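Listed here are the chains, written in short residue letters.
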Amino acid sequence: MRILITGGAGFIASHLAEHLLAAGDEVWALDDLSTGSIENIEHLKPHPKYHYQIGSIMDTATLAEMVDRCDVIYHLAAAVGVRLIVESPVRTIETNIRGTELVLEAAAKKKKLVVIASTSEVYGKSTKIPFCEEDDLVIGPPTRGRWSYACSKAIDEFLALAYWKERRQPVIVMRFFNTVGPRQTGRYGMVLPNFVRQALAGEPVTVFGPGTQSRCFGYVGDVVEALGKLIRVPEAIGHVFNVGSDEEVTIDELARRVCRIVGGKSQIAHIPYEQAYEEGFEDMHRRVPSLEKIGRLIGYKPKTTLDQIIEKVVEYERAHSPRSLHSV
Ligand code: UDP
């Protein structure tokens, strides 16, 4: 198949391209390099079936041309990362909503399947365990910046499903739960790359808030395999799927495991949320996906354990981070 990936130089997109190329697909990547990085795709450039274009999804002519060339679009271009969202809310809302609108509009002209990247963040502060795709979304007030991300992604989902319902434009919505792995940058606040870099540099590993909050970290390799399968299953169209892992870990425990696996002398430091983010910052305490729906449809099961994921990220950061030259 011929596949377009928007946000193609991003962390998940680069792994997805690798996976699709290995399966024999032809891949076009479109990225404006706002948060993505050419380094993520450097190794893919020589592949005869890999093509990339530096440009924005907001440039409708480029987008239309690339959409026309492909059979399926993975729309991964978005503003992501809690730090970026808190610091640049206008960019978050505009990129996420307008960008998705343009991609759906372009795809709908030729009825090309669009996979929309959404997020577990849409469940908001719901306390239900685990989260199922049909559950209510419980989102905080607009005065708290973080929720603009959840809301913008929820609008993307509504819009995608509306295109399916009203115009028979095929869509699949994926809710990613804390996807991690090599090449993820810590620049926009993601916890695992930050912990690993801090531990490798022998610096304090900074746990924000109480540390009793928990997450489930999905390995990017497992996640892109699922993404590759779903576009080949017609029953997936018009549906929302959770994807990730259901192995739950507290952030304190994650910090301890990173320190143990790196094996250095780093201490764990607790930093209040208002210092790490902003006054009144709200975090979610637990976030566990139900993987039943995606499991039923394509037999998805996370294969990579948290310790294996940490080991892979440590190995990658050791090889790539300049700071790791001074590592413990
Ligand atoms: N976090 C942390 N230290 C960091 C970055 C994040 O303790 O350097 C915490 C953050 O407050 C949250 C959890 O780790 O409770 C996961 O954060 P991340 O930004 O990776 O993902 P999300 O909040 O979207 O789940």
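One can find the structure itself at the top, above this paragraph.
Predicted, not measured: the structure shown is a model, and the values here were computed from it.

Asker: Can you walk me through the site of the ligand in this structure?
Answerer: Around the ligand sit 19 residues, and of these Thr-206, Phe-208, Arg-215, Asp-283 and Arg-287 come closest. Contact between the ligand and Arg-146: an oxygen atom at 3.3 Å from a side-chain N or O atom of the residue. Measuring from an oxygen atom of the ligand, one finds a backbone N or O atom of Phe-208 at 2.7 Å. Considered on its own, the ligand offers 510 Å² of accessible surface; in the complex 95% of this is hidden by protein. Taken together, the elements giving at least two residues each to the shell around the ligand come down to α7 (191-200) and β8 (205-208). In terms of residue class, the shell around the ligand is made up of nine nonpolar, five polar and five charged.

Asker: Sorry if this is basic, but what is going on with the packing of aromatic side chains here?
Answerer: Two aromatic rings, taken as a pair, are described by how far apart their centres are and by the angle between their planes. Applying the stated criterion to the full structure yields five aromatic pairs. Ring plane angle 5° and centroid distance 4.4 Å describe the contact between Tyr-123 and Phe-131, whose orientation is recorded as stacked. Owing to a relative accessible area of 0%, Phe-131 belongs among the buried residues under this scheme. Each ring, one from Tyr-123 and one from Phe-177, has its centre 5.9 Å from the other, and the planes form 40°; the classification is tilted. On the criterion of sequence distance, the pair formed by Tyr-123 in the loop between β5 (113-119) and α6 (147-167) and Phe-177 in the loop between β6 (171-176) and β7 (179-180) is long-range, its members being 54 residues apart. Both residues of the pair, Tyr-123 and Phe-177, belong to the buried class.

Quick notes on the rules
Residues numbered from 1 in each chain as written. Predicted model: local features only at pLDDT ≥ 70, side-chain atom pairs only at ≥ 80, totals over all residues. Heavy atoms only, no water. Near = heavy atom within 4 Å. Polar contact = N/O pair within 3.5 Å; in protein donor to acceptor, adjacent residues only side chain to side chain. Areas by Shrake-Rupley, 256 points an atom, 1.4 Å probe, with all protein chains shown as cover. Helix = DSSP H or I, 4+ residues; strand = E, 2+ residues; numbered from the N terminus. Nonpolar A, V, L, I, M, F, W, Y, C, P; charged D, E, K, R; others polar. Phe/Tyr/Trp six-rings, centres within 6.5 Å; stacked < 30°, edge-to-face > 60°. Buried < 20%, exposed > 50% of the residue type's maximum accessible area, 1.4 Å probe, protein only.

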